[in-house]
Amino acid sequence: MAGDIDQDALAAEWGMALEEQGSSGSDAEQGWESVGEDGMAHVSAGSKGGAERILNQEEIDNLLGFSIEDLALSDNGGIRAIIDSAMVAYERLPMLDIVFDRLVRLLTTSLRNFTSDNVEVSLDRIHAVRFADYLNSIPLPAILSIFKAEEWDNFGIATVDSSLIYSIIDVLLGGRRGVTAIRVEGRPYTTIEMGLVKRMIEVILADAEAAFRPISPVTFKIDRLETNPRFAAISRPNNAAILVRFRIDMEERGGSIEMLLPYATLEPIRDRLMQTFVGEKLGRDPVWEGHLATEIFQARTHVEAVLYENKFPLRKLMNLKVGDTLVLDMKPDALVKVRCGDETLTEGRMGRVGDKVAIRIQKPLRRGRTSMTQFEQISSGGQEQ
């Protein structure tokens, strides 16, 4: 038929065009198709590459939201925005590293005395997490100890994994050394097991109190023990927290314990945790203030006694001659102002002591805006100079 002939001719013409362009797959990018005798459009062999076209780096970056030029910008999009939303951006607290390093040394000694075994404690990592993400990541079975920081008026969580639980129970109940603890799954922890783990947590919290003592005195008190993370909710799901993981090894046995401290718990001592070393002062330094006040208090100064003070026009002063009399509008019992520079310190009454003119202080000294410890010791009664 004429229609079939025209279609065959058109298909042959397209085939010649494809051969001229080569088999590099450029025909796939132009979407070439061949039409068969049945009048239906079929994708040619070259168009198969169009369905499997490889994206270039720029297209991949635009799809994922990554861009080298936009890495420094905060308005990321795509998958980068989703990843960043799950991450916790937290400020650096240098003193926490020092506190937990000290806790590791204290725990090494305390747990050795507690278990009468060779115990090695190591700090695994310190990082920030969201509270809900941490609860969902706790491997069960485990024992969660909710403790309260009395002075900070907030809570924290100490999580002991099952490996450490069975290792401690085996050691405390006389298990043989060098034997891996046998894990018994599928049953709740007994009262004896909970009691032994609670004693271990009390030892750990006592050492944590000693580690935090140089920064801020605090008392960690166990509130309750839980085996279900749902009952250990001490903060909102999206709140940030500091997670510290310790590894405890007893020869071939051991496990890990995690301590979670929400940022709300550490807020009362946040300024101190931001220090780079113990003793660093942020802002006001009371030691330096006391030293400066002492030096100022011991400094020598010049004091003037002003009997009378008045303002005259310059013309009147220029017309004064020898023998002119200046009338002082003062009464015999008028008070004399005692000044240091332009500041009036106090007032007193003029008199004489021996051959010298003296002033008896009648009013207390005026204190400056900056209070000093020495000035508080001065009584409000009159003093003589």
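The notes below deal with the structure included here.

What counts and what doesn't
Residues numbered from 1 in each chain as written. Predicted model: local features only at pLDDT ≥ 70, side-chain atom pairs only at ≥ 80, totals over all residues. Heavy atoms only, no water. Helix = DSSP H or I, 4+ residues; strand = E, 2+ residues; numbered from the N terminus. Buried < 20%, exposed > 50% of the residue type's maximum accessible area, 1.4 Å probe, protein only. Contact = heavy atoms within 4.5 Å. Polar contact = N/O pair within 3.5 Å; in protein donor to acceptor, adjacent residues only side chain to side chain. Salt bridge = Lys/Arg side-chain N within 4 Å of Asp/Glu carboxyl O. Pairing = 2+ DSSP bridges. Axes fitted to C-alpha atoms, helices over the stretch in contact; angles between N-to-C directions. Patch = residues over 30% accessible without salt bridge, like charges linked within 9 Å, V, L, I, M, F, W, Y side chains within 5 Å. Areas by Shrake-Rupley, 256 points an atom, 1.4 Å probe, with all protein chains shown as cover. Core = buried A, V, L, I, M, F, W, Y, C linked by side-chain atoms within 4.5 Å.

Once that is clear, we can look at the environment of Arg102. Tracing the chain through its elements places Arg102 in helix α6 (residues 94–115). Of the residues examined, Arg102 reaches a relative accessible area of 29% and is grouped as partly exposed. Separated by 109 residues in the primary sequence, Arg102 and Ala211 have C-alpha atoms spaced 5.9 Å apart. For Arg102, the contacting residues outside a window of four places in its chain are Ala210, Ala211 and Pro214. Among the polar contacts listed, one links the side chain of Arg102 to the backbone oxygen of Ala210, at a separation of 3.0 Å.

Applying the stated criterion to the full structure yields 12 salt bridges. The partner of Arg253 in a salt bridge is Asp117, with the nearest N and O atoms 3.6 Å apart. Of the two residues, Arg253 is situated in strand β8 (residues 253–262) and Asp117 in the loop between α6 and β3 (120–130); the sequence distance between them amounts to 136 residues. There is no split in this pair, since Arg253 and Asp117 are both buried.

Sheet topology places strand β11 (residues 343–353) next to strand β12 (residues 356–361); six bridges connect them, and they run antiparallel. Note that in β12 the partner of Val353 across the bridge is Lys356. Count of turn residues in the β11/β12 antiparallel hairpin: two residues, of which Gly354 carries a positive phi of about 70°.

What follows is about the sheet that holds strand β6 (residues 220–226). Two pairing modes exist for strands in a sheet, parallel and antiparallel, and in both the strands are linked by backbone hydrogen bonds. The strand order β3-β7-β8-β5-β4-β6 describes an open sheet built from six strands, whose pairing is antiparallel. Strands with a single pairing partner mark the edges of an open sheet, and in this sheet they are β3 and β6. Between one strand and the next, the sheet's axes are offset by a mean angle of 20°, whatever the strand orientation. Those strands touched by α6 are β3, β7 (240–250) and β8, and its axis lies near 135° from that of β3. Strands β4 (142–149), β5 (154–161), β7 and β8 of the sheet are contacted by helix α8 (residues 162–172), whose axis makes an angle of about 125° with β8.

As a further point, take α8. Counting buried positions along α8 gives eight out of 11 residues, so the element sits mostly inside the fold. Among all positions of α8, only Ser162, Leu164, Ile165, Tyr166, Ser167, Ile168, Ile169 and Val171 are buried. As for α8, its buried residues are in contact with α6, β4, β5, α9 (191–212), β7 and β8. Of the residues flanking the end of α8, it is Gly174, one or two places downstream, whose phi is positive at about 90°.

Right, let's talk about a nonpolar patch on the surface for a bit. The grouping of Phe312, Leu314, Leu317, Met318, Leu320, Leu326 and Leu328 at the surface amounts to a nonpolar patch, some 700 Å² of accessible area in total. The topology assignment puts Phe312 in the loop between β9 (304–306) and α13 (314–318). For Phe312, a relative accessible area of 34% gives the class partly exposed.

Among the nonpolar cores identified, the biggest contains 52 residues, and Phe100, Phe212, Phe220 and Leu266 are the most heavily contacted of them. Considering every element that reaches this core, the biggest residue donor is α9, with 10 residues. Filtering out sequence-adjacent residues up to four positions away, Phe212 remains in contact with Leu96, Val99, Phe100, Trp152, Val218, Phe220, Leu261 and Ile269. Core analysis: the next-biggest nonpolar cluster, separate from the first, contains 14 residues, Ala142, Leu144, Ile157 and Ala232 among them.

This part takes up the side chain of Thr159. Its place among the elements puts Thr159 in strand β5. Side chain to side chain, Thr159 and Tyr134 meet in a polar contact 2.7 Å long.

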